[in-house]
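Observations on the three-dimensional arrangement
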Amino acid sequence: MNFARHISMKAQVQTHHDALVTRLGAHSSHYRDPVQSIPWESLDPDTPWLPDELLSLYGISEFADLSSEDRLRLSQCEFVSFCELGLWLEALFIQRLGSNSLNELYHDPISYHYQLHELREEVGHSLMFLELQRRSQIPFMTPLGERPPLARLFARFAPQRSAAFWATILIGENVPDRMNRLIFAHKTLPAAVLAITQLHMREEARHMAFARTTIKTRSQHLRPWQKRAVAPLLREVMRQFLRTCFFPSAQVYAAAGLSHPQLWARRARRNPHRIALMNTCAAPSRDFLRNQGFLL
């Protein structure tokens, strides 16, 4: 490829990026407070908040031996735990974007404008998850020390204008979004659960679109060897994130009232059904990043 053609292609990608980000900002301008949008009164304590097949223990023989009350409580604790994961992710994202926002303003004012919308939406999600936790009366279950350390460090310290930083953001948004889509397919769940899930899906769709176009734009500046060099780091970030996303801490099983919670946590990590679900939810992120030259 000659130099002039290379410059032309980079300019086309940047133009597409700017147009997409402008449209995303326009869609985000119609903002509504999530806490006020959820029918909280439908959060029935006598109804499951997740279907059996999306529980971490589904598929193992011991799950069939659990009482209906145990399954009910486990479904509620695992849904709150899933939203607690979202709260942790959004706290990292809010902290990082907030601390670097002025740099982004001078480098890329179009993206800065949209990122302010995204920050507002992420704060709204966090308030929504906190309200769920308050109403459920289920305590926070996963200590910060059990969250993936490399993912936390990379999200905080990777150069914000790098493709690799936005690759970690995409993983943290896209993997839970696949889970949300599976949850939302079960229309018999409480209306509050479905509303939380739908609102998160709708707004995260814009966030993921921004992450993808940013990765594409900034990947243009990387040579193949640079992508190969960062791929093992991204692979480990993804591995750690998948573990915290799909395999609850022992405290979740304890909150559900199951005896020997450490044993249940080990069983979940060996559960073939859960591993298959994890791989299904991870595939879109992995495939997109592979297409950008990051071989996970």
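Fair warning: this is a prediction, and the values are worked out from it, not measured in the lab.

On the surface, a cluster of positive charge is made up of R243, R266, R269 and R270. Considering the arrangement of structural elements, one finds R266 in helix α11 (residues 261-269).

Note that E173 resides in helix α7 (residues 163-184). This buried residue, E173, is left without a salt bridge; R212 holds the nearest opposite charge, at 7.9 Å.

Our next topic: the packing of aromatic side chains. Taken as a whole, this structure holds 5 aromatic pairs when the rule is applied. Ring centres of F93 and W166 lie 6.2 Å apart, and the angle between their planes is 80°; this geometry places the pair in the edge-to-face category. One end of the pair, F93, is in helix α4 (residues 68-107); the other, W166, is in helix α7, with 73 residues separating them in the sequence. Per residue, the accessibility class of F93 equals that of W166, and both read buried. A centroid spacing of 5.1 Å and a plane angle of 40° characterise the contact between Y114 and F210, whose relative ring orientation is tilted. Remark: F210 occurs in helix α8 (residues 191-219) and Y114 occurs in helix α5 (residues 109-136); sequence separation between them is 96 residues. One aromatic cluster is present, built from ring pairs that chain together F93, Y114, F165, W166 and F210.

Two elements in contact, helix α9 (residues 224-246) and helix α12 (residues 272-291), have axes whose closest approach is 11 Å; the angle formed by their N-to-C orientations is 135°. Taken together, α9 and α12 sit at an angle that is classed as oblique. Between α9 and α12 lies a crossing of right-handed hand. Contact with α9, carried on its side by M238, L242, C245 and F246, involves R274, L277, M278, C281, A282, S285 and R286 of α12 and no other residues of that element. Considering only residue class, the contact of α9 with α12 consists of 8 nonpolar, 1 polar and 2 charged.

With that settled, the discussion passes to the nonpolar core. Within the largest apolar cluster, 89 residues are counted, with the highest numbers of intra-cluster contacts made by L57, L132, W166, I196, F246 and L289. Broken down by element, the residue count for this core peaks at 13 residues, all from α4. Leave out the neighbours within four places in its chain, and W166 touches F93, L97, Q115, Q160, F210, A211, T214, I215 and R218.

Let us now look at a nonpolar patch on the surface. On the surface, V123, L127, L130 and F140 cluster together to form a nonpolar patch covering roughly 340 Å² of accessible area. Here F140 shows up in the loop between α5 and α6 (149-157).

What follows covers the pattern of salt bridges. This model, assessed by the stated rule, comprises 9 salt bridges. Note that R71 and D52 form a salt bridge whose closest N and O atoms lie 3.3 Å from each other. Highlighted residues: R71 in helix α4 and D52 in the loop between α2 (34-37) and α3 (61-64), separated in sequence by 19 residues. The partly exposed category is assigned to R71, whose relative accessible area is 22%. Taking the relative accessible area as the measure of exposure, D52 reaches 28% and is therefore partly exposed. When the shortest N-O distance is used, the salt bridge between D177 and R181 registers 2.8 Å. Residue D177 and its partner R181 are both found in helix α7; the two are separated by 4 residues, about one turn of the helix. Of the residues examined, D177 reaches a relative accessible area of 2% and is grouped as buried. Connected through salt bridges with shared partners, the residues E131, R134 and R135 form a single ionic network.

Cut-offs and rules
- Residues numbered from 1 in each chain as written.
- Predicted model: local features only at pLDDT ≥ 70, side-chain atom pairs only at ≥ 80, totals over all residues.
- Heavy atoms only, no water.
- Patch = residues over 30% accessible without salt bridge, like charges linked within 9 Å, V, L, I, M, F, W, Y side chains within 5 Å.
- Areas by Shrake-Rupley, 256 points an atom, 1.4 Å probe, with all protein chains shown as cover.
- Salt bridge = Lys/Arg side-chain N within 4 Å of Asp/Glu carboxyl O.
- Lys, Arg positive; Asp, Glu negative; His and termini not counted.
- Charge placed at Lys NZ, Arg CZ, Asp CG, Glu CD.
- Helix = DSSP H or I, 4+ residues; strand = E, 2+ residues; numbered from the N terminus.
- Buried < 20%, exposed > 50% of the residue type's maximum accessible area, 1.4 Å probe, protein only.
- Phe/Tyr/Trp six-rings, centres within 6.5 Å; stacked < 30°, edge-to-face > 60°.
- Axes fitted to C-alpha atoms, helices over the stretch in contact; angles between N-to-C directions.
- Parallel < 35°, antiparallel > 145°, perpendicular 65-115°, else oblique.
- Left-handed = near helix turned anticlockwise from the far one by under 90°.
- Contact = heavy atoms within 4.5 Å.
- Nonpolar A, V, L, I, M, F, W, Y, C, P; charged D, E, K, R; others polar.
- Core = buried A, V, L, I, M, F, W, Y, C linked by side-chain atoms within 4.5 Å.

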